[in-house]
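Listed below, chain by chain, are the residues.
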Amino acid sequence: MLRQVPVPADAVALAHVTDDVAWLHGFLSRLAATGFPAPVPLPAFAGTSWTVSSGSLWTLVTFLPGQVVGWAPAPPMAEIGALLARYHAAASTITPAGQRPSALPLADVPAILQSGQLAAAGVPASQAALIRTLAAELASDLAGIDQAGSDRLTVHGDFTCHNVLAAGSPPTATGVIDFELAHAESALADIGYGLWRSGRPHQHADRLDVTRVRQFVHGYAGVRPITASQAAIIPVYLRGRGLQMIAKRIRAGQPETGMLAQVAWTRAHHAELAAALEASLRG
């Protein structure tokens, strides 16, 4: 898969872009050694898998066969969750090479959303007030989670059904694509990231389907066990994902807050989600 993206002319910004792709391709190369089915960088540009030429960044990785699962009913959510657990098992054998240059870890999200950047981006005052409240709650929740003792690894960052490939009849999950949001973070956060989209009943829903969420975590825990207390904090990471998306857009000067409705729903149903995830470990 050959990919072309424009790059900035500014030398400092360009260095940031090249450091970022070097970080990602370095990780993918090490991941390949584990045998996990993911794109592998191909050293076609004078011994490297990427190059900058004529104002563009060119990257080359292997093609993975299969069809994107998306909203198809098969393979089931439990199988998608199990594949994420397999990925985490493989990634846990690879020490992260520091934090990815382009990453926005959850721990950095509250400061952005509580800063003057909301007003600068043009977010309406009523929305900004709610976002600041949600950001403060996220900061408090994250502080209450033992980050130092959590299982930190290079997360996929967007492990949704739209980045999972399947093949066969009936379809089975065969691989994962699009590591563009990979970074160092808690493994539990990666579960929340994936469920933010794939836990919905359909693309345009601003709520989650608790059954889909429960099945995903049940499949994950069947491969890589988690405790009831760990399952109960996944809703924090789900809510954090929505706020992280808002923070990325605010940082870029874009007042896009359409995901706020799902954040509010997740907040209102926190106890229900936590109970369902704890129950998912029992079957």
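As a starting point, this report considers the structure included with it. (Residues numbered from 1 in each chain as written. Predicted model: local features only at pLDDT ≥ 70, side-chain atom pairs only at ≥ 80, totals over all residues. Heavy atoms only, no water.)

**Some details on helix α9 (residues 234–251)**
Item 1. Relative to the 26 Å expected for 18 residues at 1.5 Å per residue, α9 spans 25 Å between its end C-alpha atoms, a close match to the ideal helical length.
Item 2. With 14 of 18 residues buried, α9 lies mostly within the body of the structure.
Item 3. Note on α9: the residue one or two positions beyond its end, G253, has a positive phi of about 80 degrees. (Helix = DSSP H or I, 4+ residues; strand = E, 2+ residues; numbered from the N terminus. Expected span 1.5 Å × (residues − 1). Buried < 20%, exposed > 50% of the residue type's maximum accessible area, 1.4 Å probe, protein only.)

**A short note on helix α2 (residues 77–91)**
Item 1. Here α2 contains 15 residues, and its C-alpha end-to-end distance of 21 Å stays within 8% of the 21 Å for a straight helix at 1.5 Å per residue.
Item 2. Counting buried residues in α2 gives 11 out of 15 residues, a clear majority hidden from the surface.
Item 3. Of the positions making up α2, those classed as buried are M77, I80, G81, A82, L83, L84, A85, Y87, H88, A90 and A91.
Item 4. On its buried face, α2 sits against α1 (11–32), β5 (152–155), β6 (164–167), β7 (172–176), α6 (187–198) and α7 (210–223). (Contact = heavy atoms within 4.5 Å.)

**Notes on the pattern of salt bridges**
Item 1. What the rule picks out here adds up to eight salt bridges.
Item 2. The salt bridge involving R152 is made with E185; its shortest N-O contact spans 3.3 Å. Within this pair, whereas R152 is found in strand β5, its partner E185 is found in strand β8 (residues 183–186), the two being separated by 33 residues in sequence.
Item 3. Looking at R152, the relative accessible area reads 41%, which means it is partly exposed.
Item 4. Note that D158 and R241 form a salt bridge whose closest N and O atoms lie 3.5 Å from each other. (Salt bridge = Lys/Arg side-chain N within 4 Å of Asp/Glu carboxyl O.)

**Some remarks on the packing of aromatic side chains**
Item 1. With the rule as written, the count across this model stands at three aromatic pairs.
Item 2. Their ring planes at 25 degrees and their centres at 6.4 Å tell us that W23 and F27 sit as a pair that is stacked. A residue pair is termed a helical-turn pair when its members lie 3 or 4 positions apart in one helix, as W23 and F27 do in helix α1 at four residues.
Item 3. A relative accessible area of 1% places F27 in the buried class.
Item 4. These aromatic residues form a ring-pair network of at least three members: F36, Y87 and F179. (Phe/Tyr/Trp six-rings, centres within 6.5 Å; stacked < 30°, edge-to-face > 60°.)

**Considerations on the side chain of D158**
Item 1. Along the polypeptide, D158 turns up in the loop between β5 and β6.
Item 2. A polar atom in the side chain of D158 sits 3.5 Å from the side chain of R241.
Item 3. Contacts of D158, omitting those with residues within four sequence positions, involve N163, L181, D190 and R241. (Polar contact = N/O pair within 3.5 Å; in protein donor to acceptor, adjacent residues only side chain to side chain.)

**Side note on unusual backbone geometry**
Item 1. The residue after A74, namely P75, is reached through a cis peptide bond having omega 0 degrees.
Item 2. In this chain, S169 is followed by P170 through a cis amide linkage whose omega measures 0 degrees.
Item 3. Turning to its location among the elements, P170 is positioned in the loop between β6 and β7.
Item 4. For S54, which is not a glycine, the phi torsion comes out positive at approximately 55 degrees.
Item 5. Notably, D178 is not glycine yet its phi reads approximately 60 degrees, a positive angle.
Item 6. With respect to the helices, strands and loops of the structure, D178 is situated in the loop between β7 and β8.
Item 7. D178 gets classed as partly exposed once you look at its relative accessible area, which sits at 36%.

**Quick look at the sheet that holds β7**
Item 1. Taken together, the three strands give an open sheet; going across it, the order is β4-β6-β7, and neighbouring strands pair in antiparallel fashion. The two strands at the open ends of the sheet, each matched to only one other strand, are β4 (67–68) and β7.
Item 2. Judged from the four bridges that link them, β6 and β7 form a sheet pairing that is antiparallel. Across the sheet, residue V164 finds its bridge partner in β7, namely V176. (Pairing = 2+ DSSP bridges.)

**A few points about the sheet that holds strand β2 (residues 50–53)**
Item 1. Spatial strand order, β1-β3-β2: three strands in an open sheet with antiparallel pairing. Edge positions in the open sheet fall to β1 (2–6) and β2, since each of these has one partner strand only. Across this sheet, the average inter-strand angle for adjacent strands is 20 degrees, counted without regard to direction.
Item 2. The pairing of β1 with strand β3 (residues 56–60) spans five bridges and is antiparallel. In the strand pairing of β3, P6 is matched with S56.
Item 3. Across the sheet, α1 lies against β2 and β3, angled at about 160 degrees from β2, the strand it touches most. (Axes fitted to C-alpha atoms, helices over the stretch in contact; angles between N-to-C directions.)

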